[in-house]
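# What the coordinates show
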Amino acid sequence: MPADGPLIPREPLMDRVLTGDRPTGPLHLGHYFGTLRNRVRLQEQGAALTLVIADYQVLTDRSDHVGAHVDELVLDYLAAGIDPDLTTIFTHSAVPALNQLLLPFLSLVSVSELERNPTVKDEIVHSRRSSVSGLMFTYPVHQAADILFGKATLVPVGQDQLPHLELTRTIARRFAERYGPLFPPPEALLSEAPLLLGTDGGKMSKSRGNAIALGATADETARLIRGAKTDAERCITYDPAGRPEVSNLVLIAALCLGQDPHAVAASVGGAGAAGLKKMVTDAVNDYFAPLRARRAVLAADLGAVRAVVREGNVRANEVASATLAEVRTAMGMSY
């Protein structure tokens, strides 16, 4: 793949960036190439970066015990290059003032606006449940609180998350109209990274069992790639529309090798799916070997990893408490 260009088109020191993940399992290759690598670049460019571990939002569609998942998530962050001295990492549930913002923000949106959110509709379909909790409809507003409490100006998102961000912008504008300007309407920072498919040809997802985790061993990676879906054609080509599964494997190798996917496909040529899968396995294992080694060292001292989150929680609480005080004052509730 061509070298990445500048991620932020303007002076990064002027931006406050908020992003994060739900702790539902370890991060995978799709997360890394789609968002995590860009987060490290943002940090290196000098943006004020905040990562929210959205543990309360896990309750939207599951009842997992999220503690171990939080550890896994932070291990992936740190191993990938997130520096806790430069980036705030915090858990949603540990910041009460942040969650108090949900109530006034809910008053600024209608039920119909929540019901017609296309991302919520898609999540409901993929939840595979006959009914969903009320949190499913309110979590876009929860996300708005995550974004606005620190007055973020940029939010890295994929296309599927744009409806959530537009709702956040709507809440910021309506708050300004009703109570006065307080929150800058944040802008979307769309990743140029292409969507990676899972080993079954569907969207790569922690919950669908089709993902290669960042912390997977070399043997686990080889096993997952051996089982990846391909097609019957022996000559390997890069044709995302016509051969999505084969092209996805080519793209993964290209991302790891820093090469153009057409060139990667040509190098495999007539070696077929077996040759392609061997190339992808070698490329992934070589690329992620340093990250996996750092992760193993970090995992040997989970106390230090958890200390990173505690320190981030303190910082996030300070910011959220100050923002909540501003909101209460603007709403005439400073008593």
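Computed from a predicted model, the values in this text were never measured in an experiment. Once a new chain begins, its residue numbering starts again from 1 and follows that chain's sequence as written. Two thresholds apply to this predicted model, a pLDDT of at least 70 for residue-level local features and 80 or more for giving and counting side-chain atom pairs, whereas whole-chain, interface and lining totals are computed over all residues. Working from all heavy atoms in the structure, the side-chain values ignore hydrogens and water.

Before going further, it helps to spend a moment on the overall build of the chain. Along its length, the chain carries 13 helices and five strands. Accessible area is worked out with a 1.4 Å probe on protein chains only. A residue is then buried under 20% of its type maximum, exposed over 50%, and partly exposed in between. The proportion of buried residues among the 335 residues of the chain is 50%. Any two residues having at least one pair of non-hydrogen atoms within 4.5 Å are treated as being in contact. For the chain, the proportion of contacts with a sequence separation of at least 24, taken over those separated by at least 6, is 78%. Carbon together with sulfur atoms contributes 56% to the accessible area of the chain, which is approximately 15200 Å² in total. Helix and strand definitions here come from DSSP, where helices need a minimum of 4 consecutive H or I residues and strands a minimum of 2 consecutive E residues; each element is numbered from the N-terminal end. In short, Shrake-Rupley with a 1.4 Å probe defines the accessible areas, and a residue's cover is counted only from the protein chains shown.

Glancing now at the nonpolar core. Residue types Ala, Val, Leu, Ile, Met, Phe, Trp, Tyr and Cys, when buried and joined through side-chain atoms within 4.5 Å, form a set referred to as a nonpolar core. Formed by 55 residues in total, the largest nonpolar core has its most connected members in L29, Y77, I89 and F288. Elements represented by at least two residues in this core include exactly α1 (29-45), β2 (48-53), α2 (67-80), α9 (218-226), α10 (244-257), α11 (261-268), α12 (272-299) and α13 (302-330). The element contributing the most residues to this core is α10, with nine residues. Among residues more than four places away in sequence, those in contact with I89 are L51, I53, V74, Y77, L78, I82, V308, V309, G312 and N313. Within the second largest apolar cluster, 33 residues are counted, among which are V95, L108, V109 and A320.

With that settled, consider empty space enclosed by the protein. Lining residues are defined by having an atom within 4 Å of a point belonging to a cavity or pocket. Those points lie on a 1 Å grid over the protein atoms alone, cavities being sets where a 1.4 Å probe fits but cannot get out and pockets being open sets with protein on both sides within 12 Å along at least five of seven lines. Grid points are joined across faces, edges and corners, and a volume is the space filled by probe spheres set on the points. All told, the structure shown has three cavities of 30 Å³ or more when counted by the stated rule. Reported here for the largest cavity is a volume of approximately 90 Å³. Around the largest cavity sit 11 residues that line it, and G34, N38, P156, L189 and S191 are the ones nearest its centre. Where the lining of the largest cavity is concerned, the elements lending two or more residues are α1, β4 (154-157) and β5 (187-190).

What follows is about α12. To estimate how far a helix should reach, multiply one less than its number of residues by 1.5 Å. If you check α12, its first and last C-alpha atoms are 38 Å apart, about what 28 residues at 1.5 Å a residue would give, namely 40 Å. The axis of α12 is deflected most strongly, by about 50 degrees, at A289, and proline P290 appears within four residues downstream. Regarding α12, the residues found buried are G272, L276, K277, V280, T281, A283, V284, N285, F288, L291, R292 and R295. On the buried face of α12, the contacting elements are α1, α2, α9, α10 and α11. We define the bend at any residue as the angle between the axes fitted to the seven residues before and including it, ending there, and the seven starting there.

Any Phe, Tyr or Trp ring, taking Trp's six-membered ring, that has another such ring centre within 6.5 Å forms a pair; planes under 30 degrees apart are called stacked, those over 60 apart edge-to-face, and the others tilted. Throughout the structure, instances matching the rule amount to 10 aromatic pairs. Ring plane angle 75 degrees and centroid distance 5.9 Å describe the contact between Y32 and Y287, whose orientation is recorded as edge-to-face. One end of the pair, Y32, is in helix α1; the other, Y287, is in helix α12, with 255 residues separating them in the sequence. On the basis of relative accessible area, Y287 is assigned to the partly exposed category, the value being 27%. Arranged with centres 5.1 Å apart and planes meeting at 75 degrees, the rings of Y32 and F288 form a pair that is edge-to-face. Highlighted residues: Y32 in helix α1 and F288 in helix α12, separated in sequence by 256 residues. For the residue pair Y32 and F288, the accessibility class agrees, reading buried in each case. An aromatic cluster is present here, built from Y32, F33, Y287 and F288 joined pairwise through their rings.

With that out of the way, let us pick up the pairing of β5. Direction of pairing for β4 relative to β5: parallel, over a ladder of four bridges. Of the residues in β5, the one forming a bridge with V155 is A188. Read as a crossover between parallel neighbours, the route from β4 over helix α8 (residues 162-179) to β5 is right-handed. In this analysis, strands are considered paired if DSSP registers two or more bridges between them. We call a crossover right-handed when, viewed with the strands running away from us, the connection from the first strand over the helix to the second turns clockwise.

Before going further, it helps to spend a moment on the confidence of the model for the chain. Values of pLDDT, ranging from 0 to 100, describe the predictor's confidence in every residue of the model. Confidence along the chain averages 88 in pLDDT terms, with 89% of residues attaining 70 or more. Across residues 1-6 the pLDDT falls below 50, and counting only partners more than four positions away or on other chains, this stretch makes 12 contacts in the model.

Counted as salt bridges are all cases of a side-chain nitrogen of Lys or Arg within 4 Å of a carboxyl oxygen of Asp or Glu. Under the criterion given, the structure shown has 12 salt bridges. Between R174 and E113 there is a salt bridge, with its nearest N and O atoms 2.7 Å apart. Taken as a pair, R174 in helix α8 and E113 in helix α5 (residues 111-115) lie far apart in primary sequence, 61 residues in all. Accessibility expressed as a relative area gives 28% for R174, which makes it partly exposed. Sharing partners across several salt bridges, the network here consists of E72, D76 and R295.

Turning to its location among the elements, T323 is positioned in helix α13. Excluding residues within four positions of it along the chain, T323 makes contact with L101, L148, F149 and F183.

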